Structure formats: structure tokens, C-alpha cells
Amino acid sequence: MIEIRNIFKRYGDLTVLSDVSLVVPDHEILTVVGPSGAGKTTLLQIAGSLDRPDRGSVAYDGVELTSMSDRKLSAFRNKHIGFIFQFHQLLPEFTAQENVAMSARIGGMSASKAMKRAAELLDALGLTERLRHKPMQMSGGERQRTAVARALINEPKVIFADEPTGSLDSANRDEICGLIERLRRDMGQTFVIVTHDPTIASIADRVVHMSDGRIVDIRPADDKETILSDSK
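This section reports on the structure supplied with the text. Remember, predicted model here, so these are calculated numbers, not experimental data. (Residues numbered from 1 in each chain as written. Predicted model: local features only at pLDDT ≥ 70, side-chain atom pairs only at ≥ 80, totals over all residues. Heavy atoms only, no water.)

### A short note on the sheet that holds strand β6 (residues 81-85)
Item 1. Pairing is mixed in the open sheet, where six strands are placed in the order β6-β7-β8-β3-β9-β10. With partners counted over all chains shown, the strands left at the sheet margins are β6 and β10 (214-220), one partner each. The sheet shows a mean angle of 20 degrees between the axes of neighbouring strands, direction not considered.
Item 2. Taken together, the five bridges between β6 and strand β7 (residues 158-162) define a ladder with parallel strand orientation. Each residue of the ladder has a partner; that of Ile84, found in β7, is Ala161.
Item 3. Along the sheet, helix α2 (residues 70-80) contacts β6 and β7; its crossing angle with β6, the most-contacted strand, is approximately 75 degrees.
Item 4. Along the sheet, helix α5 (residues 140-152) contacts β6 and β7; its crossing angle with β6, the most-contacted strand, is approximately 165 degrees. (Pairing = 2+ DSSP bridges. Helix = DSSP H or I, 4+ residues; strand = E, 2+ residues; numbered from the N terminus. Axes fitted to C-alpha atoms, helices over the stretch in contact; angles between N-to-C directions. Contact = heavy atoms within 4.5 Å.)

What follows is the structure, encoded as C-alpha cells:
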């Protein structure tokens, strides 16, 4: 369970988050929607320990993150949290298998074990024929599935995704949506997803609507037309 309590964040004179609180239970798919500038990505970065709040706290199963040193926080993040971004952020000089294995190597896994685990994940995601391909040799959907494998390699409890379908066509978007649902069902993954895409929002258990740095509404994802208007 992720507990976000009374988060405030400013950049200079700009208040980006103002007294934001949210609880995310295990195995939930939660999407965060709202207009540009609402504070969605900042909330994702703080919840995922990539940034620190000015005030407030973030805890995982009772483990307080905001008081950790940078070194301990980095180790915690590598072990427990995965990330998927709009643009896959794969390193162009490395193969798909090497890109996926890298996070495990940083976490201390041996090279042989990391490469084997990377191959297993890529195979599970339908990318067996792309193990030794570099990003420029793969389609957009293949690159994003590789990014998903990278996020999974350390078996994190939660995956944060920032516009994971934003750069994909409709076919690849639907593929990623189906993959997220399957990972939650088969592997028990928790997902927190920032999106403007109503297709992603509609697969969620709950939709958080943000505006002007605050959470203004949280509702079950059963109202497709409302989700569509809220995610614009």
C-alpha cells in the first residue's frame, strides 16, 4: 500500500501541489487525469521517489521514504518501483535484452542472471525475436513493451507510468492497455498511471482527477464519457 499524505511542492513562486493526499492499495490500477499543468507528473515523481516534497510524506507499507538518504532511497526505488515513460527512454547503443537487464545489474544481479531474466521477460511479452535488436530496429509498440520488461525485471510491487501510450498508434495503445491488465491479473502488479488517454483511464479501478495542484475528485472507472472529458 502506498500512502501519500499532505504533499506540498513548489518550484520558485509556483505552487505545483497543494495538500495532496492519496492511498493506493495493492494490486490496483489507478489513473491520474486532468489538464496540463494540474500537477499530475509531479505527483507521480514524488510518489515514485524521483523527487521530494517540500512538505508531507510518502510511505510504502509503512516504510517512510521522505526521510531516507538519497543513497537508501535509490536502493529502495531500484528494488521496489518500476517506471514506464511516454518515450521509452531505451539506450540506443544497447540491445533490447541489454536495456532490460541494466536495472537488474544496477541492483546487484549477476550479468548472466540478469540477461537470462531479461530474455524471459521479453519472451513473455512476445519479443523473443527482438532480443538482440537495438531500439531503432524495433517498432514503437515493441520499444514500449521492452520498456515494460525493463520496469518489471526487479519484480517491483508498483509500476508508475507517465503517458505510456502517448506516442503510440491505436493498435499499439490497445496492446499496452491489454498488457497492463494482464500484468495486474497474472503478476499482482500495482499501477499508477498519468494519462490523457481515455482508453487507459477506462481500464483503471479508480480515476483520480487533478486540477491546479489538487485532487478534486476520485471515482471508480465506470463512467467512460466523464473520464473522456476529465482527461482532456
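### A word on the pairing of β10
Item 1. Here strand β9 (residues 206-211) runs beside β10; their pairing, made up of six bridges, is antiparallel. Bridge pairing in β10 places Val208 opposite Ile218.
Item 2. Following β9, the chain reverses through two residues before pairing antiparallel with β10; Asp212 in that reversal takes a positive phi of roughly 50 degrees.

### What about the pairing of β7?
Item 1. With five of its five residues buried, β7 lies for the most part within the structure.
Item 2. Side chains of β7 alternate between two faces, with Val158, Phe160 and Asp162 and Ile159 and Ala161 buried alike.
Item 3. Pairing geometry for β7 and strand β8 (residues 190-194), over five bridges, is parallel. Its bridge partner being in β8, Phe160 is matched across the sheet by Val192. (Buried < 20%, exposed > 50% of the residue type's maximum accessible area, 1.4 Å probe, protein only.)

### A look at the sheet that holds strand β4 (residues 55-60)
Item 1. Taken in spatial order, the four strands make up an open sheet running β2-β1-β4-β5, and their pairing is antiparallel. Single-partner strands in this sheet number two, and they are β2 (14-24) and β5 (63-64).
Item 2. Alignment of strand β1 (residues 2-11) against β4, held across five bridges, turns out to be antiparallel. Note that in β4 the partner of Phe8 across the bridge is Arg55.
Item 3. Sheet strands in contact with helix α1 (residues 40-47) are β1, β2 and β4, and its direction is about 125 degrees off that of β1.

### Things to note about the nonpolar core
Item 1. Grouped together as the largest cluster of nonpolar side chains are 39 residues, with contacts concentrated most on Val100, Leu122, Val148, Ile180, Phe191 and Ile193.
Item 2. Within the residue set of this core, elements represented by two or more residues are β3 (29-33), α3 (96-106), α4 (111-124), α5, β7, α6 (170-187), β8 and α7 (198-201).
Item 3. If you look at the next biggest cluster of nonpolar residues, it comprises 29 residues, including Val16, Leu65, Phe76 and Met210. (Core = buried A, V, L, I, M, F, W, Y, C linked by side-chain atoms within 4.5 Å.)

### Notes on the pattern of salt bridges
Item 1. Tallied over the entire structure, the rule returns twelve salt bridges.
Item 2. The partner of Lys9 in a salt bridge is Asp54, with the nearest N and O atoms 3.9 Å apart. Of this pair, Lys9 sits in strand β1 while Asp54 sits in the loop between α1 and β4, placing them 45 residues apart in sequence.
Item 3. Assessed through its relative accessible area of 8%, Lys9 is described here as buried.
Item 4. Residue classification places Asp54 among the partly exposed residues on the basis of a relative accessible area of 45%.
Item 5. Glu28 is paired through a salt bridge with Arg206; the nearest N and O atoms lie 2.7 Å apart. With Glu28 in the loop between β2 and β3 and Arg206 in strand β9, the pair connects residues that are 178 residues apart, well separated along the chain.
Item 6. Residue Glu28 is classed as buried on the basis of its relative accessible area of 8%.
Item 7. Exposure remark for Arg206: the relative accessible area of 21% places this residue in the partly exposed category.
Item 8. Where salt bridges share partners, they join Lys9, Asp51 and Asp54 into one cluster. (Salt bridge = Lys/Arg side-chain N within 4 Å of Asp/Glu carboxyl O.)

What is shown is where atoms sit, not what they do.
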